[in-house]
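Structural overview
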Amino acid sequence: MAAAVLGMWLPIYFGPLGEWMKENPPPFIAWMEQHTTFAVVLFMAATALAVLGSMARQPNEPQPVAELAGTLATAVAEQWRREETALQLQAPWPMPLRWENTARPVADHWEAINGAQNQVEPVDLSGRLDADGRADDSIVAVFHRVASRRLVILGAPGAGKTVLALNLVLHLLDRRQEGERVPVLLSMGSWDPAQETLHSWMARRLAEDDPALRTRSGSGATLGQELIASGQVLPVLDGLDEMPPQARLEALAALSRQLGRGEPLVLTCRADEYQRTVGSTVLTAAAVVELCPLDPADLQTYLRVSTAPARTGCWDPLFAEVESTPGGPVAQALSTPLMAWLARTAYADTSAAEPAELLAEQEGVRRFADRTAVEEHLLERLIPAVYSRDLPGEDTRRWSGEEAHRWLSFLARHLNKLRTPDLAWWQLGTTVPLTSRMVLAGIATGLVYGLLSCLVHGLGGFGLMDVLVSGLLNGSMTGLSFGLAHGVAARFIDGAFQPSRVRLSLRGRQTGRARPRFLPRFMAGLVVGPIAPVTGNLLAGVVNVAAYQEPFWLLARVLSAGYWGLVVGVGAALVFGSTAWFEEPIDTQEATSPTGLLNTNRATVLRQALVLGVVFGLLILLGSWIMAGLLPRHMWGTTVAWTPALGLRSGILIGLGSALVAALTLTAWGRWLILARGWLPLTRRLPWAVSAFLEDANRRGVLRRNGAFYQFRHTRLQHHLAPAPPPLPPQRRSRPRVRLSGPLRRQDHGRVGEPDSDGEMSR
């Protein structure tokens, strides 16, 4: 309906057809010309109906907590089954892992673990994953033998801690009964225990992977928080060693302090780091197991069966070395499942390189003289090996090993700079300095708005010079305004560039209380909205005065700046404020992976820009009409004139144009488009098809997916591609106060900004 009305009405005023229509008007067009006000109102009503219709989707009905837990369990199982396949953890069978009760003094008293004062006898927690073609459930049996349901898994780097934790998650999900907790594998590198409690961090991470869990219930808590509070989530926390040393200690203290009695937990960490962290502190009621080195017989069986029969002989020199020199560098390196998998990946499926190169000598000296050298060589061989193979699938794009190495190294440096293992597509733009981001956002905004201005004024019948001048002025002022706005949002608004996990719906379920969010948004629109029209009109006035040598033009532009500034400011305030009542979370199915979240975010941003742009444009059209009626016909020697053509032209340009450039500069997808899809590939730091490259790296086993994030398969690979940054300077703290009573013997540590004993502030 809106398109039909617009199609009948536009030819009266715009373009060459308008002149002919005015000389030979059809009866209906002539009637509409005589009743332009009615035509404008009809157009506004039709457009409003179209906008409301696009918002009138069926809202997502909230699920009961028990049903929501079942949905979460299904999503978690699908995610990790897919990753298990991508990482080839079951090919040809699971890596043969063995573990036993740790001999390190890092476990709590067995009375606390068993939950009874008289039960002091240790429980045998040793077990293994069978290498006979099936996954043994002994890790599940071990977990259930721990009465407190708190288990810490320790091991050397690459010993298989994450694999074992993943195996536990999948088998618990396979055997889960209704009402039982849902095991959720979370990376601890994104938790700052000094800023977030355990439960709030878990709720945030769950909501990042499942937008539906952001929805608030009648109690005001999110569904994710209700799931956790009602005991429906079993946290499996991977990688305590990925946290800074001080944060590890604070995390252990927070876990013991914030976990209630009977709350289960599984935690993984490198053995040496855990022992250094624990000291006089232990995780309350937690049993501890430690992974054993890979047995040489298991290693040989795994490598032999993983290799085609015609190539199994290539391993003979390596097997002989492992048997004859069990303490040698090759045997030591291959004692971890990670290195065994790297050796298999590098040599099993190609004749381009042979395992015997690990034993090569130069002038009588071993080329790889120690364990570290062997491990670094295997890490170096991974990318050339996996990128020399074709993968089945529809996407036939191929990247060379050299290109992949360069781009993956850039991503590894990016993660090291952020000190996190989580690679988020919406954070790739932060690799560009903030000043450069502002300039790039301003240029992109100026080009888009300037071209739209030229198009609108060209259809309005303006001359070529007027069209170009208007495009230049509007584009430059809008680019300047939104470039600055991009910088302010990045610097001062926490979470401004997080991917949108809400959409607009006329009957949408609220993601929070609307009233507290209405006023800040209303005031932001009232303040930010007038900036572009005011600065643009004032600059246009200066240009007009210089061009025509008439001071009158400056006065006219000052009046126009006030007029349009008020109209745009009020319209922007109403649009931004009203969105507080029309937001609902996007569907869970729409954002279950990084690529899914990106595609959903792009669609969400563009739909919201269209809806808000049309509404904003209608408010501009209506507001300018009302303002023109309220103001005197003549003010300070200038004439206040409003026509439907002027109102419509202003509504299209300001409404749709502002919404489009805001989508480009003030959203996660916009920053991704300008920087990750434009600037970074242009400067050869990333490929042009970034999403396809990341997905391809996941299929090749270099990256893994963890909800909405990518991660390198192992932190060793990340640090090999880009050496880790030096640790932060040691913090000056007062002597820790040790509390020895109770199962938790915890140290009280100062927080950032607390004065030390000597009066100085800790960093």
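Everything that follows concerns the structure shown earlier in this document.
On a predicted model such as this, the values are computed, not experimentally measured, just so you know.

Once that is clear, we can look at the packing of aromatic side chains. Geometrically, a pair of aromatic rings is defined through the distance of the ring centres and the angle of the planes. Scanning the entire structure with this criterion turns up nine aromatic pairs. With a centroid separation of 5.8 Å and 80° between ring planes, the pair formed by W425 and W672 is classed as edge-to-face. Of the two residues, W425 sits in the loop between α18 (401–418) and α19 (434–459) while W672 sits in helix α26 (residues 668–682), which places them 247 residues apart along the sequence. Residue classification places W672 among the buried residues on the basis of a relative accessible area of 5%. Between the NZ or CZ atom of R713 and the centre of the ring of W341, over which it lies, the distance is 3.6 Å.

Inspection of the entire model under this criterion finds 16 salt bridges. Measuring nitrogen to oxygen at the nearest pair gives 3.3 Å for the salt bridge that ties E695 to R705. Residue E695 is found in helix α27 (residues 690–699), and its partner R705 is found in strand β14 (residues 703–706); the two are separated by ten residues along the sequence. Using a relative accessible area of 22% as the deciding quantity, one classes E695 as partly exposed. Looking at R705, the relative accessible area reads 7%, which means it is buried. The network of salt bridges with common partners includes R371, E375, E376 and R716.

The next subject is helix α13 (residues 296–305). Those residues of α13 not exposed but buried are D298, L299, Q300, Y302 and L303. Where the residues of α13 are buried, they touch β2 (127–128), α14 (316–324) and α16 (337–347). The N-cap residue of α13 is D295: its side-chain oxygen and the backbone nitrogen of A297 are 2.9 Å apart.

All right, on to unusual backbone geometry then. Positive phi is not limited to glycine here, since A285 has a value of about 60°. With respect to the helices and strands, the residue A285 is situated in the loop between α12 (271–278) and β7 (287–291). For A285, a relative accessible area of 9% gives the class buried. At R684, a residue that is not glycine, the phi angle is positive and equals roughly 65°. The topology assignment puts R684 in the loop between α26 and α27.

What counts, and where the lines are drawn
- Here the residue numbers are simple positions, counted from 1 along each chain's written sequence.
- Selection of residues for local features in this predicted model requires a pLDDT of at least 70, selection of side-chain atom pairs for listing and counting requires 80 or more, and totals for whole chains, interfaces and linings are taken over all residues.
- The side-chain numbers reported here are obtained from all heavy atoms of the structure, hydrogens and water having been left aside.
- Each aromatic pair joins two rings of Phe, Tyr and Trp (for Trp, the six-membered one) with centres within 6.5 Å, and gets the label stacked for planes under 30 degrees apart, edge-to-face for over 60, and tilted for any other angle.
- What counts as a helix is a DSSP run of H or I of at least four residues, what counts as a strand is a run of E of at least two, and both are numbered from the N terminus.
- The cut-offs for exposure are 20% and 50% of the maximum accessible area for each residue type, with area from a 1.4 Å probe on protein chains only; residues under the lower value are buried, those over the upper are exposed, and the others partly exposed.
- Comment: the charge-over-ring label is applied if NZ (Lys) or CZ (Arg) is within 6 Å of the ring centre and within 35 degrees of the ring normal.
- Note on definitions: salt bridges are taken to be side-chain nitrogens of Lys or Arg within 4 Å of carboxyl oxygens of Asp or Glu.
- Any two residues whose heavy atoms approach within 4.5 Å at even a single point are treated as in contact.
- In the analysis that follows, any N or O atom pair within 3.5 Å is treated as a polar contact, provided that within protein one partner can donate a hydrogen and the other can accept it, and provided that, for residues neighboring in sequence, both atoms belong to side chains.

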